[in-house]
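Here are the chains, one letter per residue:
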Amino acid sequence: MITTRFAPSPTGYLHIGGLRTALYSYLWARKNSGRFLLRIEDTDLKRNSQEAAEAIEKAFKWVKLSFDDEVVYQSKRFDIYKKYIKQLLDEKKAYYCYMSKEELDDLRAMQQSKKQRPRYDGRYRDFKGVPPEGIEPVVRIKAPHDAVISFIDGIKGEISFKSEDILDDFIIARADGTPTYNFVVAIDDALMGITDVIRGDDHLSNTPKQIVIYEALGFKIPKFYHVPMILNPNGKKLSKRDGAMDVMEYKKMGYLPEALLNFLVRLGWSHGDQEIFSFKEMLELFDPSNINKSASAYNGEKLLWLNAHYIKNASYERIIEELKEFNVDIKDHDKKEVLVDAIRERAKTLVEFADMANSILKPPKQYDQKAVKKFISEESLEILLKYAAFLRIYDKKLHLPVDFEEATKIFMKKHDLKMKQLAQPVRIAMVGSSTSPSVYDVLSIVTVEGAIDRIEKFIKYIKG
RNA sequence: GGCCCGUUCGUCUAGCGGUUAGGACUCCGGCCUCUCACGCCGGCAACAGGGGUUCGAGUCCCCUACGGGUCACCA
């Protein structure tokens, strides 16, 4: 069975890079009928994690990714880590180091001045003497000396490090007794039964350290997949300054979660030429072995296009429900289907959708001056007046867009008018601008009574 | 700086020794049309550079350049 995990440190929100690796982990586990777990990496007691963890879970709820089992908080597992620290100490695989922070800093400074790689010199590795007074020791692990640590990365292939290049006897427990990151990650991944670790490739160089822990403790080493980072549109590292790092921001901006997920799954992964993936298809087709080796730049245009696609194809119920979040409630409107269909082809986000809906639902507060100048004349006002009178006669028979279309054709024929001559003035009177969905759709939603009101109001405005 | 990883249109990518290097987004034309969109048709646009290996290289190897990651008693 495959078990994967998402292990964020609680920084306050879930960002899109995190969501992507989480999605990959989720897909891979669920595709194989395995488990997908959440672990909060909050060993640094200075930070508060409860709120952050809740924010993260809220974001996952929005995109409908779910976790198995209980959420694991590292801050609640210190007893477990202590046990393993003791074990390593007892087995002489780790040792107390009494070097003070100042001494360490001095050592590092000296090494750097000699252009050497800063590293612990192992002075307490085989220390047998009397420990210095007044120093709380840290615990260091005995890292192998002349070894090559290599593993097969599921994305990048074989990766190997020489221990002399990257390893020293790194700290596994701080002076205050709390364990450090690379130590707890290895322990938790092992104890939680994680078989496949899918994470950002910024962790690539942590991997050999974690392998040292796995080996010291006799744990089975999982399969690693190091996913390349997401870059901003300029090809630089994605940061808060690029905006919309927080997944929940996308909700506020009117994105559908399936669009975000589709966007993210395709960023760095592909299945031939396919662009659109339903959740079911992702589950069927995803395989981490064809994740790209190189970083991908974030391209908002494509996300917008995907969002438009999902809006176009969403059910009425879905859109009506989503629109409530943006203060548009058309659940009881008798022309709600006409309205949704009129807008779904035009709106790229739910925010735009709501704006467009309001522009039809509510009488215009102002009229676009350019449009008025271009399309409104004495003659067109005359036409509008006649059209209003005409609509009044047909009143009871006009409901659906086709009703308006048929009636309007009669009107145009009677007055020898072209569609263009009528449509633009009507449009301006209805919504205040020269762009909108089909006038028949608008008329149907506005109703005859509303249309007459708007025409009268518009004429009053022009004359007045 | 050491170590590690990467490099196909502007962007996301297909390609797994023989292709007119394909698709998608963006952009530009055209069609449709009551406007705006949608849709449809068409177009612009790429193998970082240099050496090898091979009958043949975007695909394999090496070097260079460029980009990124990482080197904590942070995670």
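For the structure itself, consult the block above.
Just so it is clear, the model here is predicted, and its values are computed rather than measured. (Residues numbered from 1 in each chain as written. Chains lettered and ligands numbered in written order. Predicted model: local features only at pLDDT ≥ 70, side-chain atom pairs only at ≥ 80, totals over all residues. Heavy atoms only, no water.)

(A) Spatial organisation of the overall build of chain A. From N to C terminus, chain A includes 19 helices and 12 strands. Relative to a compact globule of 464 residues, whose C-alpha radius of gyration would be 23 Å, chain A shows 32 Å and is clearly more extended. With the C-alpha coordinates aligned to their principal axes, the bounding extent of chain A is approximately 110 × 45 × 35 Å. Per-residue burial for chain A yields a buried fraction of 49% across its 464 residues. Contacts in chain A between residues far apart in sequence, at least 24 positions, make up 75% of those at least 6 positions apart. Summed over its atoms, the accessible surface of chain A is roughly 23,700 Å², and 51% of this surface lies on carbon and sulfur atoms. (Helix = DSSP H or I, 4+ residues; strand = E, 2+ residues; numbered from the N terminus. Rg over C-alpha atoms; globule rule 2.2 N^0.38 Å. Buried < 20%, exposed > 50% of the residue type's maximum accessible area, 1.4 Å probe, protein only. Contact = heavy atoms within 4.5 Å. Areas by Shrake-Rupley, 256 points an atom, 1.4 Å probe, with all protein chains shown as cover.)

(B) Examining helix α2 (residues 50-62) more closely. The end-to-end C-alpha distance of α2, which contains 13 residues, comes to 19 Å, matching closely the 18 Å that a straight helix rising 1.5 Å per residue would cover. Residues of α2 that are buried: Ala-52, Ala-53, Ile-56, Ala-59, Phe-60 and Trp-62. Elements in contact with the buried residues of α2: β1 (3-6), α1 (16-31), β2 (35-40), β3 (72-73), α8 (247-252) and α9 (257-266). (Expected span 1.5 Å × (residues − 1).)

(C) How the structure looks around the side chain of Glu-41. Within the secondary structure, Glu-41 sits in the loop between β2 and α2. Look at Glu-41 and you get buried, because its relative accessible area is 8%. One polar contact links Glu-41 to Arg-39, side chain to side chain, over a distance of 2.8 Å. Of note is the side chain of Glu-41, whose polar atom sits 3.4 Å from the side chain of Gln-74. (Polar contact = N/O pair within 3.5 Å; in protein donor to acceptor, adjacent residues only side chain to side chain.)

(D) Looking closely at the side chain of Arg-427. Structurally, Arg-427 can be placed in helix α18 (residues 419-431). Reaching out from Arg-427, the side chain makes a polar contact with the side chain of Gln-424 at a distance of 2.7 Å. Here the side chain of Arg-427 touches Ser-436 through a polar contact of 3.0 Å, side chain to side chain. When near neighbours in sequence (up to four residues on either side) are disregarded, Arg-427 contacts Gly-432, Ser-433, Ser-434, Thr-435, Ser-436, Pro-437, Ser-438 and Val-439.

(E) Structural view of the sheet that holds β2. Spatially, β1-β2-β3 is the arrangement adopted by the three strands of the open sheet, whose pairing is parallel. In this open sheet, the two strands that pair with only one neighbour each are β1 and β3. Of the pairings in the sheet, the one linking β1 to β2 comprises four bridges and is parallel in character. Considered in β2, the bridge of Phe-6 is made with Leu-38. (Pairing = 2+ DSSP bridges.)

(F) Summary view of the nonpolar core. Core analysis: the biggest nonpolar cluster contains 106 residues, and Leu-19, Val-247, Leu-260, Val-265, Tyr-387, Met-430 and Phe-458 have the highest contact counts within it. Ranked by residue count, the leading element in this core is helix α19 (residues 439-463), at 12 residues. Residues within four places of Met-430 in sequence aside, it is in contact with Pro-364, Val-442, Leu-443, Val-446, Ala-451, Arg-454 and Ile-455. With 36 residues, the next largest nonpolar core counts Tyr-84, Ala-143, Met-192 and Ile-213 among its residues. (Core = buried A, V, L, I, M, F, W, Y, C linked by side-chain atoms within 4.5 Å.)

(G) Spotlight on the protein's contact with RNA strand B. Surveying the vicinity of RNA strand B reveals 60 residues, the closest of which are Arg-174, Gly-268, Arg-346, Arg-427 and Ser-436. When atoms of RNA strand B within 4 Å of the protein are sorted by moiety, sugar and phosphate together comprise 71%. Within the side chain of Thr-43, one N or O atom sits 2.9 Å away from a phosphate oxygen of RNA strand B. Here a sugar or linking oxygen of RNA strand B and a side-chain polar atom of Glu-345 are 2.6 Å apart. Taken together, the elements giving at least two residues each to the surface near RNA strand B come down to α4 (101-113), β7 (157-162), α5 (163-166), α6 (181-191), β12 (296-297), α11 (300-313), α18 and α19. Residue contributions to the surface near RNA strand B peak at five residues, all from α18. (Near = heavy atom within 4 Å.)

(H) Quick peek at the pattern of salt bridges. By the definition in use, this model includes 28 salt bridges. Residues joined in a network through salt bridges with shared partners are Arg-5, Arg-39, Glu-41, Arg-77, Asp-188 and Asp-189. (Salt bridge = Lys/Arg side-chain N within 4 Å of Asp/Glu carboxyl O.)

(I) Fine view of the packing of helix α17 (residues 401-415) against α19. Remark: α17 packs on α19, axes separated minimally by 8 Å, with the N-to-C direction vectors making an angle of 105 degrees. Our classification of the angle between α17 and α19 gives roughly perpendicular. Here Pro-401, Phe-404, Glu-405, Thr-408 and Met-412 of α17 come into contact with α19, specifically with Tyr-440, Asp-441, Leu-443, Ser-444 and Val-448. Grouping the amino acids of the contact of α17 with α19 by side-chain chemistry returns six nonpolar, two polar and two charged. (Axes fitted to C-alpha atoms, helices over the stretch in contact; angles between N-to-C directions. Parallel < 35°, antiparallel > 145°, perpendicular 65-115°, else oblique. Nonpolar A, V, L, I, M, F, W, Y, C, P; charged D, E, K, R; others polar.)

(J) The pairing of β1, seen in detail. Residues Thr-3 and Arg-5 line one face of β1 and the alternating positions Thr-4 and Phe-6 line the opposite face, and both faces are buried. As a crossover connection, the stretch from β1 through α1 into β2 is right-handed. (Right-handed = clockwise from strand over helix to strand, strands pointing away.)

(K) How the structure looks around the pairing of strand β6 (residues 148-153). Only one face of β6 is covered, namely the face carrying Ile-149, Phe-151 and Asp-153; the face carrying Val-148, Ser-150 and Ile-152 is uncovered. Inspection of the sheet shows β6 paired to β7 by six bridges, in the antiparallel sense. Bridging from a neighbouring strand, Ile-152 pairs with Glu-158 of β7. The antiparallel hairpin formed by β6 and β7 contains three residues in its connecting segment.

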